[in-house]
Amino acid sequence: MPEAKIAPSILAGDFANLEYECKRMMKCGSDWLHIDIMDGHFVPNLTIGAPVVTCIRGVLPKGDSFFDCHMMVSEPERWVEDFAKAGSDLYCFHYEATTEHEALIDKIHAAGMRAGCAIKPKTPASAVFDLVPKLDMVLVMTVEPGFGGQKFMKDCMPKVEALRSKFPELDIEVDGGLSIDTIDFAADAGANVIVAGTGVFRAQDPQEAIAALRAAVNKRQLK
C-alpha cells in the first residue's frame, strides 16, 4: 500500500486569505493541497478556475507544494492545458464527465501532469478497472460532488476495498466528510490519500488533525 498523503481541501478555507490558508496547511504538515474546481454544469456549484490556481502557484512554488486539482467539470478535455500552465501537479477528471477516458489520460500525461479519475458514489469501482494501468490515482467520492461539508458515506467503502485488493500499489483517494471521526473507515478500507476540508481547516489544532489522519492510514499499513 502506498504511503499516506493528507490533502486538505482549500474549499473549506478562507478565500479572502487564500495565500495564508494554503501556506498554513503546508506548515501544518499537509502533503498535498486539494483544489476543487466546479463549473456549475457538471455539478451545481461554481468555485474557481485556472487563474486562481496560477496565483496560488505564484506563492507556493512547484517542488514545495503539490496541487491535486479535482476537476468537477463537463468536457474535462478542454481544460488540461490551462491547468498544466497554471501549475497543477495532478489533474483528476470525473469518469462520468467524458467517454474518451484513455485519450484524456494520455493528454494529461502529455501536458506533464499526473492523471487521476474520480467516481461518484453511484458509479461502481469496476468502471475504472481497465483504466488503472494508465492512471496515477483513483478518487472514490464519499459524498455527492458539488458541495463541501456533507456527511461521509460509509457505504462507498467496499469500492475502496475492491480497488485496494485488485491494485495494491495504487494511490486511492477518498473525498467527502473525512475527519477524525470517519478516518478509520477509509483507512481500514485501504485509502491512502485523504482529502479533508472542514475536518482540518476548522479543527482547533489543524496540525494535530493532519497528524491524526496520517497516523490512521499508517496504522492500516502495518496490518
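Residues numbered from 1 in each chain as written. Predicted model: local features only at pLDDT ≥ 70, side-chain atom pairs only at ≥ 80, totals over all residues. Heavy atoms only, no water.

Caption draft 1: Quick look at the overall build of the chain. A tally of regular secondary structure across the chain gives 8 helices and 8 strands. Against the globule reference of 17 Å for 223 residues, the chain gives a C-alpha radius of gyration of 16 Å, in line with a compact fold. When its C-alpha atoms are laid out on the principal axes, the chain stretches across 40 × 40 × 30 Å. Here the chain, with 223 residues, has 54% of them falling under the buried criterion. Contacts in the chain between residues far apart in sequence, at least 24 positions, make up 66% of those at least 6 positions apart. Distance from the positive charge centre (23 side chains) to the negative charge centre (32 side chains) of the chain: 2 Å. (Helix = DSSP H or I, 4+ residues; strand = E, 2+ residues; numbered from the N terminus. Rg over C-alpha atoms; globule rule 2.2 N^0.38 Å. Buried < 20%, exposed > 50% of the residue type's maximum accessible area, 1.4 Å probe, protein only. Contact = heavy atoms within 4.5 Å. Lys, Arg positive; Asp, Glu negative; His and termini not counted. Charge placed at Lys NZ, Arg CZ, Asp CG, Glu CD.)

Caption draft 2: Representation of the environment of Asn 192 within the structure. Along the chain, Asn 192 falls in the loop between helix 6 (183-189) and strand 8 (193-196). Residues Asn 192 and Ala 115, spaced 77 residues apart in sequence, show a C-alpha to C-alpha distance of 16 Å. Asn 192 has contacts with Met 1, Pro 2, Glu 3, Ala 4, Lys 5, Arg 164, Leu 170, Asp 171, Ile 172 and Val 217, leaving out every residue within four places of it along the chain. One polar contact links the side chain of Asn 192 to the main-chain amide nitrogen of Ile 172, over a distance of 2.8 Å. (Polar contact = N/O pair within 3.5 Å; in protein donor to acceptor, adjacent residues only side chain to side chain.)

Caption draft 3: Focus on the packing of aromatic side chains. Taken as a whole and judged by the stated rule, the model has 4 aromatic pairs. Between Phe 83 and Tyr 91, the aromatic rings sit 6.2 Å apart at their centres with planes inclined by 70 degrees, giving edge-to-face as the arrangement. Accessibility expressed as a relative area gives 2% for Phe 83, which makes it buried. On the basis of relative accessible area, Tyr 91 is assigned to the buried category, the value being 0%. Ring geometry for Phe 129 against Phe 167: centres 5.8 Å apart, planes inclined by 65 degrees, an arrangement best described as edge-to-face. One end of the pair, Phe 129, is in the loop between strand 5 (114-119) and strand 6 (137-141); the other, Phe 167, is in the loop between helix 5 (157-166) and strand 7 (171-175), and 38 residues separate them in sequence. (Phe/Tyr/Trp six-rings, centres within 6.5 Å; stacked < 30°, edge-to-face > 60°.)

Caption draft 4: Looking closely at the packing of helix 1 (residues 18-27) against helix 2 (residues 50-59). Look at helix 1 against helix 2: their axes get within 10 Å of each other, and the N-to-C directions meet at 55 degrees. For the element pair helix 1 / helix 2, the angle class is oblique. Taken as a pair, helix 1 and helix 2 cross one another with a handedness that is right-handed. On helix 2, the residues that touch Leu 18, Glu 19, Cys 22 and Lys 23 of helix 1 are Val 52, Ile 56 and Val 59. Here the contact of helix 1 with helix 2 is built from residues that sort into 5 nonpolar, no polar and 2 charged. (Axes fitted to C-alpha atoms, helices over the stretch in contact; angles between N-to-C directions. Parallel < 35°, antiparallel > 145°, perpendicular 65-115°, else oblique. Left-handed = near helix turned anticlockwise from the far one by under 90°. Nonpolar A, V, L, I, M, F, W, Y, C, P; charged D, E, K, R; others polar.)

Caption draft 5: Fine view of the state of the cysteines. Counted according to the given criterion, the structure contains 0 disulfides. The thiol of Cys 22 is unpaired, and the distance to the nearest cysteine sulfur, on Cys 69, comes to 11 Å. You can call Cys 22 buried: its relative accessible area is 1%. Cys 92 provides the cysteine sulfur closest to Cys 117, a residue in no disulfide bond, and the two sulfurs are 6.6 Å apart. The class of Cys 117 is buried, set by a relative accessible area of 0%. (Disulfide = S-S within 2.5 Å.)

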